[in-house]
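The chain contents come next:
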Amino acid sequence: MMRFLALVALLLPTLGSAQVLLPEEVVARVLEHHPIALAAGLRIDAAEAEQMKARGGFDPKLAGDFRAKEFEDKLYYSVGDAGLKIPTPIGMDVDLGYQNTGGIFLNPEQAVPIDGLLGAGVSLKLGQGLIIDARRAALRQAEFALTLGESEQRLMINQLVSQALMAYWAWFEAWHREDILRGSVTLAQTRRDGVVQSAIQGDKPFQDTLEAGIQVLNRRQLQMEAAQDLMLKRALLEAYLWDTGNAPLQLNPAVLPPAIDAVDGGIPELPTPHGSWLADHPTLLQGQALIGQKDVDLRWKREQLKPEIGLKYQWLASPQTLGGEDPITVRDAAVGVDLAFPLFLRKERASIRLTEIDLATKRYELSDKQRSLELKSTALRSGWALMDDRREVQRQAVQNAGSLLQGERQLFQVGESSLFLVNAREQYYINTQLKQVEILRKMAENRVKILELEAALAPAPQQTP
């Protein structure tokens, strides 16, 4: 709740002092309110719905049927059936039923005792469908679909957070660039005013006033270009800032990025990847799930090469038999056998071959993805130490350029230096500051790229209960 209130203070119009927007606050708001982050959560909901749909193939089914014909006060026939069918995950169906018939023209095959006939039996496929059938294949593929949904959610959020952080650091650089150049304009204007006064008093040539004025114009031009770029970078960052109720937010002009010194000394260390980061990577988990689905499909297609042999046994008894003293026998039953087998199986064998080719292709692609992720991570991480050295070198360059500029200004004040040298020293100092900001931005972006590649920006998936 406190974090939420802090974010509201940063994003809504305020009358107080400037606020500092930190990258972790941007990430928190993106994860909580961004439409794509909310849509990513629906991937798991959709996968769970698919799994529920597949489990529905094993739901018990209650059915009933009644037919009768009566004409001229004669009951020709009446046939009533009611039953419960219970599918099982092992490919066997359990049937429970009751039948009651009557009438003077009833088909003798349908005749049952006067109090009806009870039945209890099983249906079993001995050939095609014994190991796996369409219902079990659909359920197994739906289980892999849940892994696909979780992986897709992590990839979407990981990419979204990466894009938001990239926009944040671009805004950070643009803001400080404009701030540095705005300060340089102020310095140039102050120096111009001083040179004009010195020229009026006869201490400086009037030519120096022209050079000082040109310097002001040049720096104003650069500052206006930076201000325009800052407006664009702020808009790009605002695209990732949303509030409750799918309402977009705008940055208050009083919201500022962290100071250069704070970032220069506060960039977090690059975390060491855990040993199983490749095994847990959503891209690879996604590939493994697709292979799993294709493997289930292949098993079902191979199963269809077997002949269709259906065996049905239904034990029969009248309600009186169940309550009487007569022994119950299994010979009172209805049995049936169904047999079908295609002669050439060309369609089935061709479909199996195509699935085998697709499965082998996906396995090759998964191996390539795994190797590519590993190499890219190694390449990006190997440049981290070098970028850290560049940051330290540039920090020292800024300090040295500042000391050199200070000394040149003192010499100019006592008349031992020229306006040209002061402007040159000052321009070098400004350039080193701009370069420092650029290096900090590149270093932060490099860290974001590494964490995005290793899928370390998205939160860990929640386990489905």
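For the structure itself, consult the block above.
Each chain carries its own residue numbering, running from 1 in the direction its sequence is written. Side-chain atom pairs in this predicted model are given and counted only at pLDDT of 80 or more, local residue features only at pLDDT of at least 70, and totals for whole chains, interfaces and linings cover all residues. Here the side-chain values reflect all heavy atoms present in the structure, with hydrogen atoms and water set aside.

**Student:** I would appreciate a short explanation of the pattern of salt bridges in the present structure.
**Tutor:** Any two side chains of opposite charge can pair, so long as their charged atoms come close to each other. Salt bridge, as used here, is a side-chain nitrogen of Lys or Arg placed within 4 Å of a carboxyl oxygen of Asp or Glu. Considering all chains together, one arrives at 31 salt bridges under this definition. Connected through shared salt-bridge partners, Lys 85, Asp 93, Asp 133, Arg 135 and Arg 136 make up one network.

**Student:** How should the nonpolar core be read in this particular structure?
**Tutor:** Note on soluble globular proteins: their nonpolar side chains tend to be buried together. We call a set of buried residues a nonpolar core when its members are Ala, Val, Leu, Ile, Met, Phe, Trp, Tyr or Cys and they connect through side-chain atoms within 4.5 Å of each other. Only protein chains enter the accessibility calculation, which uses a 1.4 Å probe. A residue is then buried if its area is under 20% of the maximum for its type, exposed if over 50%, and partly exposed in between. With 47 residues, the main nonpolar core has Leu 21, Val 26, Tyr 168, Trp 169, Trp 171, Leu 237 and Leu 251 as its most contacted residues. Secondary structure counts use DSSP, requiring at least four H or I residues in a row for a helix and at least two E residues in a row for a strand, with both numbered from the N terminus. Only helix 2 (23-33), helix 3 (35-55), helix 4 (134-200), helix 5 (206-238), helix 6 (260-264), helix 10 (384-413) and helix 11 (419-453) provide two or more residues apiece to this core. Excluding residues that lie within four positions of it along the chain, Tyr 168 makes contacts with Leu 21, Leu 22, Pro 23, Val 26, Leu 237 and Pro 258. Should any heavy atoms of two residues lie within 4.5 Å, those residues are considered in contact.

**Student:** Quick question: what am I supposed to make of the packing of helix 10 against helix 11 here?
**Tutor:** Helix-helix packing: each pair is described by the crossing angle between the helix axes and the interaxial distance. For every element, the axis is a line fit to its C-alpha atoms; helices are fit only across the contacting stretch, and the angle between N-to-C directions ranges from 0 to 180 degrees. Viewed as axis vectors pointing N to C, helix 10 and helix 11 meet at an angle of 160 degrees, and their least axial separation amounts to 9 Å. The angle between helix 10 and helix 11 places the two elements in the roughly antiparallel class. As for the relative orientation of helix 10 and helix 11, their crossing is left-handed in sense. Think of it as three bins: nonpolar holds Ala, Val, Leu, Ile, Met, Phe, Trp, Tyr, Cys and Pro, charged holds Asp, Glu, Lys and Arg, and polar takes everything else, Gly as well. Here the residues of the contact of helix 10 with helix 11 sort into 16 nonpolar, six polar and eleven charged. Roughly parallel means an angle under 35 degrees; roughly antiparallel, over 145; roughly perpendicular, 65 to 115; everything else is oblique. Handedness of a helix crossing follows the sense of rotation of the near helix relative to the far helix, less than a right angle counterclockwise being left-handed and clockwise being right-handed.

**Student:** In this structure, what is going on with the sheet that holds strand 9 (residues 308-317)? I would like to understand it.
**Tutor:** Pairing between sheet strands relies on hydrogen bonds along the backbone, with the strands arranged either parallel or antiparallel. Any two strands are treated as partners once DSSP identifies two or more bridges connecting them. Ordered in space as 2-3-4-5-9-10, the six strands form an open sheet in which the pairing is antiparallel. If you trace the sheet from one side to the other, it starts and ends with strand 2 (61-71) and strand 10 (333-340), each paired once. Taking each pair of neighbouring strands and ignoring which way they run, the sheet shows an average axis angle of 15 degrees. Of the pairings in the sheet, the one linking strand 3 (residues 74-87) to strand 4 (residues 92-102) comprises ten bridges and is antiparallel in character. Opposite Pro 87, over in strand 4, you have Asp 93 as the bridge partner.

**Student:** Whenever I open this one, a nonpolar patch on the surface confuses me. Can you help?
**Tutor:** Each patch is built from salt-bridge-free residues with over 30% relative accessible area, joining like charges within 9 Å and nonpolar side chains (Val, Leu, Ile, Met, Phe, Trp, Tyr) within 5 Å. Only the protein chains shown count as cover for residues, with accessible areas throughout obtained via the Shrake-Rupley method and a probe of 1.4 Å. Residues Leu 126, Leu 311 and Val 337 make up a contiguous nonpolar surface patch of about 260 Å² in total accessible area. You can see Leu 126 is positioned in the loop between strand 5 (117-125) and helix 4.

**Student:** Mind showing me how you'd approach the packing of helix 5 against helix 11 here?
**Tutor:** Two elements in contact, helix 5 and helix 11, have axes whose closest approach is 11 Å; the angle formed by their N-to-C orientations is 15 degrees. The pairing of helix 5 with helix 11 is recorded here as roughly parallel in orientation. Both helix 5 and helix 11 take part in a crossing whose hand is right-handed. Counted together, Asp 208, Glu 211, Ala 212, Gln 215 and Arg 219 of helix 5 and Leu 419, Phe 420, Asn 423, Glu 426, Gln 427 and Ile 430 of helix 11 form the full contact between these two elements. Grouping the amino acids of the contact of helix 5 with helix 11 by side-chain chemistry returns four nonpolar, three polar and four charged.

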